[in-house]
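The chain contents come next:
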Amino acid sequence: MKSPVFAGIDLAALPKNQTGLCLFDGRRFGCRTLYDDEAIVAFIEESRPRVVAIDAPLTLPRGRCCFDDACCGPRKIRTCDRMLIARGHRVFPPGFSFMKQLTLRGKAMKERLQGYEIIEVHPRTSLRILGPRAFPAAHNEHERDACAAALTAFLYAEGKCEVLGDDEGTVVIPRVR
Ligand SMILES: [Zn+2]
């Protein structure tokens, strides 16, 4: 039987910028750099991962349907973001400048990948907890973050992560040993 595969996606806010992707089977990492949603979705559907970890906010702050303050709001930070910040991690919450576009793309990507177990991750926080490690399979910083995301997906399936947040949104981070 083929071993399960875990995917990491370091999603760019805009399709014109590099999105790093990584597949991890528990032993080896394999990376790709892609751009538009079609290519990213096709890549995931080809590899049928057990868990897909996305480095992007996948939900909007409670009470929001968009980021237009004339429509909804005023919340900018989710409880899960606050929990990460309270632990001393540096995160950019969904309601802040360039994060708005990334959040909308992340939310749409999650909706397109229905049928897969999708988790929101923060690779730099994962590496901060796990300690620095090299990913020789990565050709650029986005593929490196995608490796850390895929590793977090693997650890999550192994029961070695904690899930911060509530029904507003959750971020999965490795458990401190
Ligand atoms: Zn709205």
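Above: the structure in question.
Cut-offs applied
- Residues numbered from 1 in each chain as written.
- Predicted model: local features only at pLDDT ≥ 70, side-chain atom pairs only at ≥ 80, totals over all residues.
- Helix = DSSP H or I, 4+ residues; strand = E, 2+ residues; numbered from the N terminus.
- Buried ≥ 20, exposed ≤ 12 C-beta atoms within 10 Å, placed from the backbone.
- Axes fitted to C-alpha atoms, helices over the stretch in contact; angles between N-to-C directions.
- Parallel < 35°, antiparallel > 145°, perpendicular 65-115°, else oblique.
- Left-handed = near helix turned anticlockwise from the far one by under 90°.
- Contact = placed C-beta atoms within 7 Å.
- Core = buried A, V, L, I, M, F, W, Y, C linked by C-beta atoms within 7 Å.
- Pairing = 2+ DSSP bridges.
- Expected span 1.5 Å × (residues − 1).
- Arc of directions from axis to C-beta.

### Some points on the environment of Thr-170
Relative to the helices and strands, Thr-170 resides in strand 7 (residues 169-174). Here Thr-170 falls in the partly exposed class, since 18 other C-beta atoms lie within 10 Å of it. In this structure the C-alpha to C-alpha distance between Thr-170 and Glu-120, which are 50 residues apart in sequence, comes to 6.6 Å.

### Considerations on the packing of helix 4 (residues 123-130) against helix 5 (residues 141-157)
Running from N to C, helix 4 and helix 5 cross one another at 70°; their axes reach a closest spacing of 8 Å. Taken together, helix 4 and helix 5 sit at an angle that is classed as roughly perpendicular. In the crossing of helix 4 with helix 5, the sense of the turn from one axis to the other is left-handed. Listed contacts from helix 5 to Pro-123, Ser-126 and Leu-127 of helix 4 are Asp-145, Ala-148, Ala-149, Leu-151 and Thr-152.

### Regarding the nonpolar core
Core analysis: the biggest nonpolar cluster contains 40 residues, and Ala-7, Cys-22, Ala-53, Ile-54, Ala-150 and Ala-153 have the highest contact counts within it. Ranked by residue count, the leading element in this core is helix 5, at ten residues. Every residue in contact with Ala-153, bar those within four places of it in the chain, is listed here: Phe-6, Ala-7, Gly-8, Val-51, Val-52, Ala-53 and Ile-119.

### Quick notes on the environment of Lys-107
With respect to the element layout, Lys-107 can be found in helix 3 (residues 99-112). Since 17 C-beta atoms lie within 10 Å of it, Lys-107 is described here as partly exposed. For the pair Lys-107 and Cys-147, spaced 40 residues apart in sequence, the C-alpha separation works out to 21 Å. Setting aside residues up to four positions removed in sequence, Lys-107 forms contacts with Leu-58, Thr-59 and Leu-60.

### Focus: the sheet that holds strand 1 (residues 6-10)
Reading across the sheet, the five strands line up as 3-2-1-4-5 and stay open at both edges, with mixed pairing between neighbours. Lying at the two open borders of the sheet, with one neighbouring strand each, are strand 3 (29-34) and strand 5 (117-120). Averaged over all adjacent pairs, the angle separating strand axes in this sheet is 20°, with direction ignored. One ladder, built from six bridges, connects strand 2 (residues 19-24) with strand 3; its direction is antiparallel. Paired with Phe-24 across the strands is Phe-29, a residue of strand 3. Running at roughly 140° to strand 1, helix 5 makes contact with strand 1, strand 2, strand 3, strand 4 (51-54) and strand 5 of the sheet.

### Focus on helix 3
Note: α-helices contain 3.6 residues per turn, so residues at a spacing of three or four share the same orientation. Counted at 1.5 Å a residue, the expected span for helix 3 with its 14 residues is 20 Å, and the 20 Å between its end C-alpha atoms agrees. Turning to helix 3, its buried residues are Met-99, Thr-103, Arg-105, Gly-106 and Met-109. Viewed along the axis of helix 3, the buried residues span an arc of 165°, placing them on a single side of the element. In this structure, helix 3 carries Ala-108 and Glu-111 as exposed residues pointing more than 90 degrees from its buried face. Check the buried side of helix 3 and you find it contacts helix 1 (37-47) and strand 4.

### Topic: helix 4
Every buried residue of helix 4 is accounted for by Pro-123, Thr-125 and Ser-126. Down the axis of helix 4, the buried side of the element spans an arc of 160°, and every buried residue falls inside it. At its buried positions, helix 4 is contacted by strand 1, helix 2 (79-86), helix 5 and strand 7. Phi turns positive one or two residues past the end of helix 4, at Gly-131, with a value near 95°.

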